[in-house]
Amino acid sequence: MFFAGVSGRIAREGSAMARAASEVLFAFVILISFAAYWVLLGGYFAHVYEPDTSFSLIDSYVTAITNFSISALPEPHGKVPYFDADSILYAIFAVLLRMAGFWSAFSSKESVYIFSVYAVNIAIYSVGVGVFYRLCYRLSGSLLWSGLLAMMFAISPQILMINPLRIDYLIYPLIACVSYLCILMIQGGGSKSVGYSLGVVSAFLVATKVTGAAYLLLPFLSLALLFREKSFPFLLRGFLLSLIGMLVLLMARYLYHGALFYSFISGIAEVRRWSDIIPMEPWFFYNIDNFSAYGIVFLVLAFAAIGFLSFYAFFKKDKLSIFVLAPLVFFSLLLMCSPKLPRWGIVISFYYFLAIAVALSYAYGLLRKVGAGFRGANQALPIMFALLLLPSAYVLLEQYRAVYEGARHKAAAMKSTKEMPARWFKANADNDAVVCMIVHSDWSLPPLPGVELRAGPFNFPYLDPVLMGAFQPPELEDVSRECEYILIDQFHRDAMLGAFAKYGHAGMKNAWEEFWETRIKSYYEHHRFTTEYPEWSGWNLDLYVRKPR
């Protein structure tokens, strides 16, 4: 009972010991979160195989920041559902690295930017985890289960499955920070600085990608709940001033080139086009199916928490419960009508964790009042709530262990499917060789300096069902004239064949399978680079070398 006694003493709100312990645990949660994700990288920063990070844009911002010149920024070209908040942060970090003299430690400028993206994403994500812990502790005053829930939040399987280069590592913690500030206001802690801070963080969230504007629901909902409070006018004013001011800075490139409206509309249109190739069902994918890795206990806790808060929202008009449930319902309905891609549903994961945190804090408060007359009740309650979370914590820890093993396998897979083909090209191909590939697959191929990559005859119109139905395999005579080499990775080959099947073009799918498996080998020698690890089989690579004729 020693630990129970200690946890009970330090959990008493307002005590100096509790505040000090909370700050220590806050720092510990951030450090552990950063370490947990950083070890997954394996220290490899030479090259990346991820499509959505624009290193050229980061480079443009580095130039603009260095020279204090907005004219160095390229004109937005549309059709990309991302804005510039992330690139600005990466560029600032890269400039700081150069000022500190660290650029010489990297093999190339691209390596500097890769390191910058990883470092910024994981650092901000870790701070977001710390903010979520602070939110839990503010609600409950219990270090034990607040810390445990925060660590579960840190290794959320939906985030673990996403490459740390992706912008999701910024969006997830920004949602946490916005929610923390909103809850702070709802609970009466809304000073002027909170309103200004909320505007700044919300601006970053909006300026990440075109769908970021949907998250403005959170600050406006919290302000609406405070409409009759004395703090409402100055909170609203501070929020709007800082939101607009920060958006002007973050969107300066779009405003300078007069392309903000066009970029927003074209970005939304680009997202909608993916509904043709990504499944739209099952309807409750983002609420149920996408949580299979969390375990049944977590889902039971989440739905029980939602039911508990629904009672508070409907019958007690509890503002905090309304703030949790309204966005959860809104985003659930929005995602029901969206393509079903696992990483697109991270907002639901956040709100499940938040619902559990708020419901547990309310239940914790009720039980503390009930047990006030019982000796040892306050010491036992934190342990009881922690035990309630332990089954889910174990499942999430096992998921992390599997991802960690996968990260170790990634290094071996990279050698056999990326480095070996790159060495083959260096030894056997001319520097100005022409290599044909499936359209938009260049990000997944080995780094081939000097080689010209082109889609050529493999420019699949994969987002257009009608055009795909007419996209026949090319004549091999034509292919051999244009393509000295052909590189086809399994991920994109399977994706194209899957698109044919989805659109109902079974005959065209069979024709292309025959082309890859049989016909092409009459004109090309076939080399295959594979990995023994199934989770990285998408990296398997087929190299076709034109035969002398």
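Notes on the structure follow.

Here is what the cut-offs are and how they apply
Just so you know, the residues in each chain are numbered from 1, in the order the chain's sequence is written. Owing to the predicted nature of the model, reporting of local features is limited to residues with pLDDT of at least 70; listing and counting of side-chain atom pairs is limited to 80 or more, with chain, interface and lining totals taken over all residues. Neither water nor hydrogens contribute to the side-chain values; these are computed over all heavy atoms in the structure. Note on conventions: DSSP H or I runs of at least 4 residues are helices, E runs of at least 2 residues are strands, and numbering of each starts at the N terminus. Throughout, radius of gyration means the C-alpha value; the globule benchmark is 2.2 Å times the number of residues raised to the power 0.38. Buried residues are those whose accessible area, probed at 1.4 Å on protein chains only, stays under 20% of the maximum for their type, while exposed residues exceed 50% and partly exposed ones sit between those limits. Contact criterion: two residues are considered in contact whenever any of their non-hydrogen atoms come within 4.5 Å of each other. The Shrake-Rupley method, run with a 1.4 Å probe sphere, supplies the accessible areas, and residue values consider only the shown protein chains as cover. The sign given to each residue is positive for Lys and Arg and negative for Asp and Glu; His and the chain ends receive no count. The atom standing in for a charge is NZ when the residue is Lys, CZ when it is Arg, CG when it is Asp and CD when it is Glu. Between the first and last residue of a helix there are one fewer steps than residues, each counted as 1.5 Å, and that sum is the expected span. Angles shown run from 0 to 180 degrees and are taken between the N-to-C directions of axes, each axis being a line fitted to C-alpha atoms and, for helices, limited to the stretch in contact. Oblique is the label for every angle not falling under 35 degrees (roughly parallel), over 145 degrees (roughly antiparallel), or within 65 to 115 degrees (roughly perpendicular). Handedness of a crossing is defined here by the sense of rotation of the near helix relative to the far one, left-handed for an anticlockwise turn of less than a right angle and right-handed for a clockwise turn. The nonpolar class holds Ala, Val, Leu, Ile, Met, Phe, Trp, Tyr, Cys and Pro. Asp, Glu, Lys and Arg form the charged class, and all remaining residues, Gly among them, are polar. To pair, rings of Phe, Tyr and Trp, with the six-membered ring standing in for Trp, must have centres within 6.5 Å; the planes then decide the type, stacked if under 30 degrees apart, edge-to-face if over 60, and tilted in the middle. Only one rule defines a salt bridge in this text: a Lys or Arg side-chain nitrogen within 4 Å of an Asp or Glu carboxyl oxygen. The disulfide criterion used throughout: a pair of cysteine sulfur atoms within 2.5 Å. As used in this record, nonpolar core signifies buried Ala, Val, Leu, Ile, Met, Phe, Trp, Tyr and Cys residues forming a set joined through side-chain atoms within 4.5 Å.

1. Focus: the overall build of the chain
Then, in step 1: Assigned secondary structure in the chain consists of 21 helices and five strands.
Then, in step 2: For a compact globule of 549 residues, the expected C-alpha radius of gyration is about 24 Å, and the chain comes in at 26 Å, within 12% of that figure.
Then, in step 3: For the chain, the spread of C-alpha atoms along the three principal axes comes to 95 × 50 × 50 Å.
Then, in step 4: Classification of the 549 residues of the chain by burial places 53% in the buried group.
Then, in step 5: Sequence-distant contacts in the chain: of pairs separated by 6 or more residues, those separated by 24 or more amount to 77%.
Then, in step 6: For the chain, the accessible area works out to roughly 24,800 Å², and carbon and sulfur atoms hold 64% of it.
Then, in step 7: For the chain, the distance from the average position of its 43 positive side-chain charges to the average position of its 38 negative side-chain charges is 14 Å.

2. Re helix α6 (residues 143-154)
Then, in step 1: In this model α6 runs 16 Å from its N-terminal to its C-terminal C-alpha over twelve residues, within 8% of the 16 Å that 1.5 Å per residue would give.
Then, in step 2: The element α6 is largely enclosed, with a buried count of nine among its twelve residues.
Then, in step 3: Looking at α6, one finds that the buried residues are Leu143, Trp145, Ser146, Gly147, Leu149, Ala150, Met152, Phe153 and Ala154.

3. Topic: the packing of helix α20 (residues 490-502) against helix α21 (residues 506-517)
Then, in step 1: Packing of α20 against α21 leaves a shortest axis separation of 7 Å and a crossing angle of 155°. Between α20 and α21, the angle is such that the two are roughly antiparallel. Pair α20 / α21 crosses with left-handed handedness. Across from Arg493, Leu497, Phe500 and Ala501 in α20, the residues of α21 making contact are Ala506, Met508, Lys509, Trp512, Glu513, Trp516 and Glu517.
Then, in step 2: In the contact of α20 with α21, the residues fall into seven nonpolar, no polar and four charged.

4. Considerations on the packing of helix α14 (residues 296-315) against helix α16 (residues 346-370)
Then, in step 1: Packing of α14 against α16 brings their axes to within 8 Å, and their N-to-C directions diverge by 65°. Crossing of α14 against α16: the hand is left-handed. Of α16, the residues touching α14 (which contributes Phe298, Leu299, Leu301, Ala302, Phe303, Ala305, Ile306, Phe308, Leu309 and Tyr312) are Tyr352, Phe353, Ala355, Ile356, Val358, Ala359, Tyr362, Ala363 and Leu366.

5. With respect to the environment of Leu243
Then, in step 1: On the secondary structure map, Leu243 appears in helix α11 (residues 232-250).
Then, in step 2: You can call Leu243 buried: its relative accessible area is 7%.
Then, in step 3: Residues Leu243 and Lys209 lie 34 residues apart in sequence; the distance between their C-alpha atoms is 16 Å.
Then, in step 4: Apart from the residues within four sequence positions on either side, Leu243 is in contact with Gly199, Ser202, Ala203 and Leu216.

6. Focus: the side chain of Ser179
Then, in step 1: Summarising the element assignment, Ser179 is placed in helix α8 (residues 168-186).
Then, in step 2: Sequence-distant contacts of Ser179, that is, excluding residues within four places in its chain, are made with Leu218, Phe323, Phe350 and Tyr351.

7. As for the packing of aromatic side chains
Then, in step 1: Within this structure, the stated rule accounts for 54 aromatic pairs.
Then, in step 2: Aromatic side chains Phe83 and Tyr254 sit 5.3 Å apart centroid to centroid with 85° between the ring planes, which places their arrangement in the edge-to-face category. Placement of the pair is Phe83 in the loop between α3 (55-67) and α4 (85-99) and Tyr254 in helix α12 (residues 252-256), with a sequence separation of 171 residues.
Then, in step 3: With relative accessibility at 5%, the residue Phe83 sits in the buried group.
Then, in step 4: Here the aromatic rings of Trp424 and Phe425 are separated by 5.4 Å at their centres, their planes lie at 75°, and the arrangement is edge-to-face.
Then, in step 5: For Trp424, a relative accessible area of 19% translates into the label buried.
Then, in step 6: Judged by its relative accessible area of 5%, Phe425 is buried.

8. Description of the pattern of salt bridges
Then, in step 1: A complete count under the given rule lists 13 salt bridges for this structure.
Then, in step 2: Arg253 is paired through a salt bridge with Asp84; the nearest N and O atoms lie 2.6 Å apart. Here Arg253 is found in helix α12, whereas its partner Asp84 is found in the loop between α3 and α4, with 169 residues between them in sequence.
Then, in step 3: Accessibility expressed as a relative area gives 7% for Arg253, which makes it buried.
Then, in step 4: Overall, the relative accessible area of 0% leaves Asp84 in the buried class.
Then, in step 5: Of the charged contacts in the structure, one is a salt bridge between Arg454 and Glu452, with a shortest N-O distance of 2.7 Å.
Then, in step 6: Relative accessible area serves as the criterion here: at 36%, Glu452 is assigned to the partly exposed category.

9. What about the environment of Ile32?
Then, in step 1: Along the chain, Ile32 falls in helix α2 (residues 16-38).
Then, in step 2: Owing to a relative accessible area of 33%, Ile32 belongs among the partly exposed residues under this scheme.
Then, in step 3: Distance from Ile32 to Ala154, taken between C-alpha atoms, is 9.0 Å for residues 122 residues apart in sequence.

10. Structural notes on the state of the cysteines
Then, in step 1: Using the criterion set out here, one finds one disulfide in the structure.
Then, in step 2: Across the disulfide from Cys436 sits Cys483; the S-S distance is 2.0 Å. Here the disulfide of Cys436 and Cys483 is left-handed, its torsion about the S-S bond being about -80°. Of this pair, Cys436 sits in strand β1 (residues 434-437) while Cys483 is found in the loop between α19 (476-482) and β3 (485-489), placing the two residues 47 residues apart along the sequence. In this pair, the class of Cys436 matches that of Cys483, namely buried.
Then, in step 3: The thiol of Cys136 is unpaired, and the distance to the nearest cysteine sulfur, on Cys177, comes to 13 Å.
Then, in step 4: Here Cys182 stays unpaired: no disulfide links it, and the sulfur of Cys177, its closest cysteine neighbor, is 11 Å away.
Then, in step 5: You can call Cys182 buried: its relative accessible area is 0%.

11. Observations regarding the nonpolar core
Soluble globular proteins: nonpolar side chains tend toward being buried together.
Then, in step 1: In terms of nonpolar packing, the biggest core is built from 144 residues, with Leu149 and Phe353 touching the most fellow members.
Then, in step 2: In this structure, Phe353 is in contact with Phe132, Leu149, Met152, Phe153, Ser156, Tyr172, Tyr294, Phe298 and Leu396, ignoring residues within four places of it in sequence.
Then, in step 3: Core analysis: the next-biggest nonpolar cluster, separate from the first, contains 28 residues, Ala455, Ile486, Tyr503 and Phe515 among them.

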